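Residue-level structural notes
Residues per chain are reported as follows:
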Amino acid sequence: MAEFEIVDDYTFEVCLLPRERALSFCDYLNSKNIRAKVKRKASGHFAVFVTSSLDCQKAKQLLLEFGDSPYDRVFNKSSWEQGKTDSRTKEIGTGFHIPFSFDLSSITTIVEIICVVIYLGSLLNYEFIIGTFALSRLESFDNVFSYYKLLSPTFVHFSIMHIAFNLVMWEALARPIEIVLKKKKLFTLFIALALISNVCQYSLLNENGYFGGLSGVVYGVIGYAALVSKREDLSGSLIMPRGLLTVSVVFILIGFFLGGIANFCHLSGLILGLILGYTDLKRKKLY
């Protein structure tokens, strides 16, 4: 098997892959006399690097072949022929663990940045941010431009603990989905979960207060990951923490006995996530 190693000569990045696939593809490239190494970035991504631009072009062409059948015997055979063991992992970048990735091209990071910017704005002018982006039952959608409020409450948070919990959960669950199933899938999930959970909360809310938060989307992602992670063809690259779905259901039920919680947003997000997850679980080919 391939081993993780930081070598300065390997400066041309070919692709990002789940851990096992990156190792297998790296060994396959080496079997084709293309010097390659897998490096784990500070963000947690696994990247395949080669030593020249020409090798990078060749590797990307082989990537198309590899992507069609990453578990084919020819690729696995390459790993055995390398005669190596995966003995240790080294990271690129900082010497300490960074809980968040800072990939500005990723949907996960973009959502996190918007949430942080709006939260910081609320510290400067709370009434303006809440009135502009949060949603109240008294809101009247009297023109087409007002419908942005069906999405914008997702980015609004009312306390440091509120935003911290949501962003940690979002990073832990959305990032793997984006890496494994790509940006389009996560973007579609985010929009669907945000709109449906906000609409349900707005429609069923009897109180006049504002609501907001990423929680509806987070619960939806939990439901989605709980089911889609059971697909055998993902080969452990998308892992759902055991018991998280059960704990989430318990928390939602407890919320109905407490005040100040967007329970319908949470519940509808979870249900939609389970529906979408079940649909993708039963697909013959996910990507």
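Residues numbered from 1 in each chain as written. Predicted model: local features only at pLDDT ≥ 70, side-chain atom pairs only at ≥ 80, totals over all residues. Heavy atoms only, no water.

**Notes on the overall build of the protein chain**
Across its full length, the protein chain holds nine helices and six strands. Each of the 287 residues in the protein chain was classed as buried or not, and the buried ones make up 45%. Summarising the internal contacts of the protein chain: among those between residues at least 6 apart in sequence, 74% fall at separations of at least 24. A total accessible area of about 15400 Å² is found for the protein chain, and carbon and sulfur atoms account for 63% of it. (Helix = DSSP H or I, 4+ residues; strand = E, 2+ residues; numbered from the N terminus. Buried < 20%, exposed > 50% of the residue type's maximum accessible area, 1.4 Å probe, protein only. Contact = heavy atoms within 4.5 Å. Areas by Shrake-Rupley, 256 points an atom, 1.4 Å probe, with all protein chains shown as cover.)

**Quick word on the nonpolar core**
Among the nonpolar cores identified, the biggest contains 42 residues, and Val-111, Trp-170, Ile-177, Leu-181, Leu-214, Val-217 and Ile-222 are the most heavily contacted of them. Looking at this core, the elements that each hand over two or more residues are α4 (107-124), α5 (126-133), α6 (160-204), α7 (215-228), α8 (244-255) and α9 (263-282). At 14 residues, α6 tops the list of elements feeding residues into this core. Contact partners of Ile-177, with chain neighbours within four places excluded, come to Lys-182, Lys-185, Leu-186, Leu-189, Val-221, Tyr-224, Ala-225 and Leu-238. (Core = buried A, V, L, I, M, F, W, Y, C linked by side-chain atoms within 4.5 Å.)

**Overview of unusual backbone geometry**
Here the phi dihedral of Asn-33 falls at roughly 65°; this positive angle occurs in a residue that is not glycine. In this structure, Asn-33 sits in the loop between α1 (19-31) and β2 (36-41). In this structure, Lys-182 takes a positive phi of about 85° despite not being glycine. Position of Lys-182 among the secondary structure elements: in helix α6. Taking the relative accessible area as the measure of exposure, Lys-182 reaches 44% and is therefore partly exposed.

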